[in-house]
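Now for the letters of each chain:
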Amino acid sequence: MKTFIHILTLLAVALIIFNATQLNLDALLEGQSLIALITIVSSLCAIMLLQILRISKKIEAKSKGL
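As the structure is a computational prediction, the values presented were derived from the model and not from experiment.

Overview of the overall build of the protein
Right, on to step 1. Scanning the protein from N- to C-terminus turns up two helices and zero strands.
Right, on to step 2. The C-alpha atoms of the protein give 16 Å as radius of gyration, which overshoots the globular expectation for 66 residues (11 Å, by more than 25%).
Right, on to step 3. For the C-alpha atoms alone, the extent of the protein along its principal axes is close to 55 × 15 × 10 Å.
Right, on to step 4. For the protein, the share of sequence-separated contacts (at least 6 apart) that also reach a separation of at least 24 residues comes to 53%.
Right, on to step 5. Counting only carbon and sulfur atoms, one obtains 73% of the accessible surface of the protein, whose full area is about 5,200 Å².

Here's the deal with the pattern of salt bridges
Where side chains of opposite charge bring their charged atoms close, a pairing between them can arise.
Right, on to step 1. Within this structure, the stated rule accounts for two salt bridges.
Right, on to step 2. The salt bridge involving Lys57 is made with Glu60; its shortest N-O contact spans 3.9 Å. In this pair, Lys57 and Glu60 are both assigned in helix H2 (residues 32-65), three residues apart and thus about one turn of the helix distant.
Right, on to step 3. A relative accessible area of 37% means that Lys57 is categorised as partly exposed.
Right, on to step 4. Judged by relative accessible area, which is 35%, Glu60 ranks as partly exposed.
Right, on to step 5. A salt bridge links Lys64 to Glu60; its shortest N-O distance comes to 3.5 Å. Here Glu60 and Lys64 lie together in helix H2, a separation of four residues that amounts to about one turn.
Right, on to step 6. Its relative accessible area of 66% is what places Lys64 among the exposed residues.
Right, on to step 7. Bridged by salt links that share partners, the residues Lys57, Glu60 and Lys64 form one connected network.

Remarks on helix H1 (residues 2-21)
Right, on to step 1. For H1, with 20 residues, the first-to-last C-alpha span of 29 Å sits near the 28 Å given by 1.5 Å per residue.
Right, on to step 2. Those residues of H1 that fall on the buried side of the exposure criterion are Ile5, Thr9, Ala12, Ile16 and Asn19. Down the axis of H1, the smallest arc covering the buried residues is 95°, so these residues share one side. Seen from the buried face of H1, the exposed residues on the opposite side, beyond 90 degrees, are Thr3, Leu10, Ile17 and Thr21.
Right, on to step 3. Tucked inside the fold, the buried residues of H1 contact H2.

Rules used throughout
Residues numbered from 1 in each chain as written. Predicted model: local features only at pLDDT ≥ 70, side-chain atom pairs only at ≥ 80, totals over all residues. Heavy atoms only, no water. Helix = DSSP H or I, 4+ residues; strand = E, 2+ residues; numbered from the N terminus. Rg over C-alpha atoms; globule rule 2.2 N^0.38 Å. Contact = heavy atoms within 4.5 Å. Areas by Shrake-Rupley, 256 points an atom, 1.4 Å probe, with all protein chains shown as cover. Salt bridge = Lys/Arg side-chain N within 4 Å of Asp/Glu carboxyl O. Buried < 20%, exposed > 50% of the residue type's maximum accessible area, 1.4 Å probe, protein only. Expected span 1.5 Å × (residues − 1). Arc of directions from axis to C-beta.

This is the structure we're talking about:
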């Protein structure tokens with residue numbers, strides 16, 4: 001599970017980097033820039049959710065160890 005979470009996090013980071021190159025700073029909320037901005041925000045949300053899952057798995061493992 002740990003490897004899977006790391007792979008998904010790397011994919012989300014790659015999406016953020018790719019979509020950052022697609023941004024047009026002159027017209028940020030129009031056309032392709034809006035789609036890129038939405039994808040960047042959704043990738044950041046995915047990273048946060050994956051990190052919450054990773055932390056919850058650590059807590060679960062420690063609580064079973066008691």
